[in-house]
Amino acid sequence: MEIAVIHFIILGVISGLTKGAGVLPDGPLNKAVGETVMFTTTLNPPETPFLSVNWKFGSKNIITYSGVTNIAPAYEGRITLFLSTGSLELRNLTLNDSGEYSVNIIPHGGVQEEGNTRLDVYVPVSNVMATASSTDLVESISSVRLSCSSSGYSLTFLWLNSSSEVTASDRVQLTDGGANLIIVNVTRYDQGPFRCHVSNLVSNGNSGPINFNISYGPENINLTISPSQEYFVEGANISLFCSADSSPSAQFMWFLNGDLLSDTGPELRLMNIQMSQSGNYSCQAFNNKTLRYITSQPAAISVLKRISGASITSSTYLTIEGNSVNLTCDAAGSVFTRKWMKGGSDLIPAVNMALHDNNRVLSFSSLNKQDDGEYSCNVSNHLSNDEADFTMVVYYGPENVQIRGPNEIHLKETLTLTCSAETVPASYTWILNGKQIHYSAIYTKNNIEPSDSGNYICEVMNDLTWRISAAVHGLTVTDWSLSAGAIAGIVIACLVVLSAVAVAVYYIYKQKIDNKAPPQSDNKEVEECVYENTSTYENTSTYENTTYEN
């Protein structure tokens, strides 16, 4: 029994070697008519050519090699055998090339290798076309049938609405393997574009788009009034807008207190309206395709006498800081109240403000910067109101002129000085040692020279207030290799050394006199203190602001 099992295992191993499992890829291989297929073996190139290679299509030889290559007549010019691996290339495929392919390879001194796979050749997808039974439809009434056709083999059909796949539902039916699409009781969301996508295992294609014109409505009618308010003053212009969801666009008619007006269209304009035009307005929308209509809810319009022509005037066109000014609010009609606002909030008078003549006049005794802003005056009675706006621009300055930048700079560096001031408006002039050199807020100069040392003056002028203010900035251009602190350290060290030497000399001299002995020389010399850097250091000054007024 054990011997029989061993024989069975040995036969299985030998069978696995001779069958050559994995010599060819798993099938099927899918290709289109006219394409090329490569049957690639899994064998590595041997050191010496194979003894023989034999390819078959079904039971028929395609090509054989045993020192000499023989090609079947039907395959002349269509195949190439790669002797290094035994792989085969087959070109210009036809439908008749579909089937089973096998290879038998005998290497030198080796075991026979075999393999097989399947090739399926398909006609590629082409000439995809989609048609519809109708494209002019009515919502909830019409149904439509779409049909798709295409050249090719083993085709699969898929319908798309825009980019979304169409699937079967209560209203949607797919027949003939998906080639036909039926939509029952279309809605406005079925307008498309619809496309038919056709595919097989080797190719795919899309039809052109089909769009539907789907009529629907009218519905969701809406009437609005602009401006939206409860009462309207006589002489006002009012617009009434009527809208409804409808395709094609609805036609509109207008009614006042149930009576048909001559006006048509989605907008009714009431220009210079009078009290006699007060009442309940409504609109009606009609669709000439669906033959449906809908009427809006009425909207009430009440017309009253009005206040008009509100305005704010200034006693001067040049509002300069420190000057006085009056703002006067006037309007036509029966004015009962006037309300002043600033920046959209109720005006809170400051110490330099006062209201006169029943709030008609707003007086400023002496303008300041805080008075700058947007003013409005609302004039009203029990029936209507009107509002006027005024922009107050207070011209002031210049003041608080400042210069930012270095007081000391080295040769060849870049100098940047920035001048700033509080003023509206402003113009800038830079002056160096009495000469005007620049005319904007920022002064820049590259490759600075010793001649650029001095006092820089930034002069700021307000062309409206005729005031001038200036600031002075001192600048020194240096060429030192050591800083001022380093030089001071060297000087102090040298003074200490000189003091110590002087004390030593004095002590020796005094001792010799006291002993009345002649001085003896040890040929010692007093060390010199050397200043390596002899450049001169100057301090710079920054001057206070100076203000000039004409």
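Structure first, text after, so check above.
Here's a quick rundown of the structure. Fair warning: this is a prediction, and the values are worked out from it, not measured in the lab. (Residues numbered from 1 in each chain as written. Predicted model: local features only at pLDDT ≥ 70, side-chain atom pairs only at ≥ 80, totals over all residues. Heavy atoms only, no water.)

### Here we look at the pattern of salt bridges
Here is the rule we go by: When a carboxyl oxygen of Asp or Glu lies within 4 Å of a side-chain nitrogen of Lys or Arg, that pair is called a salt bridge. Helix and strand definitions here come from DSSP, where helices need a minimum of 4 consecutive H or I residues and strands a minimum of 2 consecutive E residues; each element is numbered from the N-terminal end.
Evaluation of the coordinates by the stated rule reveals 17 salt bridges. The residue R188 makes a salt bridge to E139 at a minimum N-O spacing of 2.9 Å. Taken as a pair, R188 in the loop between β16 (180-183) and β17 (194-199) and E139 in the loop between β11 (136-138) and β12 (144-151) lie far apart in primary sequence, 49 residues in all. The residue E219 makes a salt bridge to R188 at a minimum N-O spacing of 3.0 Å. Of the two residues, E219 is situated in strand β19 (residues 213-226) and R188 in the loop between β16 and β17; the sequence distance between them amounts to 31 residues. Salt bridges sharing common partners tie together E100, R118 and D120.

### A short note on the nonpolar core
To keep things clear, this is the line we draw: The criterion is simple. A nonpolar core is a set of buried Ala, Val, Leu, Ile, Met, Phe, Trp, Tyr and Cys residues joined through side-chain atoms within 4.5 Å. Each residue gets one of three labels from its accessible area relative to the maximum for its type: buried under 20%, exposed over 50%, partly exposed in between, using a 1.4 Å probe on protein chains only.
Residues F39, V53, W55, I62, L90 and L119 are the most contacted members of the largest nonpolar core, which totals 25 residues. If you look at the next biggest cluster of nonpolar residues, it comprises 23 residues, including L240, A285, I301 and V303.

### A word on a negative patch on the surface
For clarity, the cut-off: Patch definition: residues with relative accessible area over 30% and no salt bridge; like charges joined within 9 Å; nonpolar side chains (Val, Leu, Ile, Met, Phe, Trp, Tyr) joined within 5 Å. Only the protein chains shown count as cover for residues, and the accessible areas themselves come from Shrake-Rupley with a 1.4 Å probe. Positive charges are assigned to Lys and Arg, negative charges to Asp and Glu, while His and the chain termini are left out of the count. Lys charges are placed at NZ, Arg charges at CZ, Asp charges at CG and Glu charges at CD.
A cluster of acidic side chains, namely D372, E374, E387 and D389, defines a negative patch on the protein surface. Structurally, the position occupied by D372 is in the loop between β33 (361-364) and β34 (373-380).

### A few points about the sheet that holds strand β14 (residues 164-165)
For the record, the criterion: Paired strands, in this sense, are two strands between which DSSP finds at least two bridges.
The sheet built from 4 strands is open, its strands ordered β14-β13-β17-β18 with antiparallel pairing. Of all the strands in the sheet, just β14 and β18 (204-206) have a single pairing partner and so form its edges.

### A short note on the pairing of strand β42 (residues 454-462)
Across 6 bridges, the pairing between strand β39 (residues 427-432) and β42 is antiparallel. If you follow S427 over to β42, its bridge partner there is M461. Pairing of β42 with strand β43 (residues 467-478) involves 9 bridges; the strand directions are antiparallel. Bridge assignment links E459 to a residue of β43, and that residue is A470. Connecting the antiparallel pair β42 and β43 is a turn made up of 4 residues, with W466 showing a positive phi of about 55 degrees.

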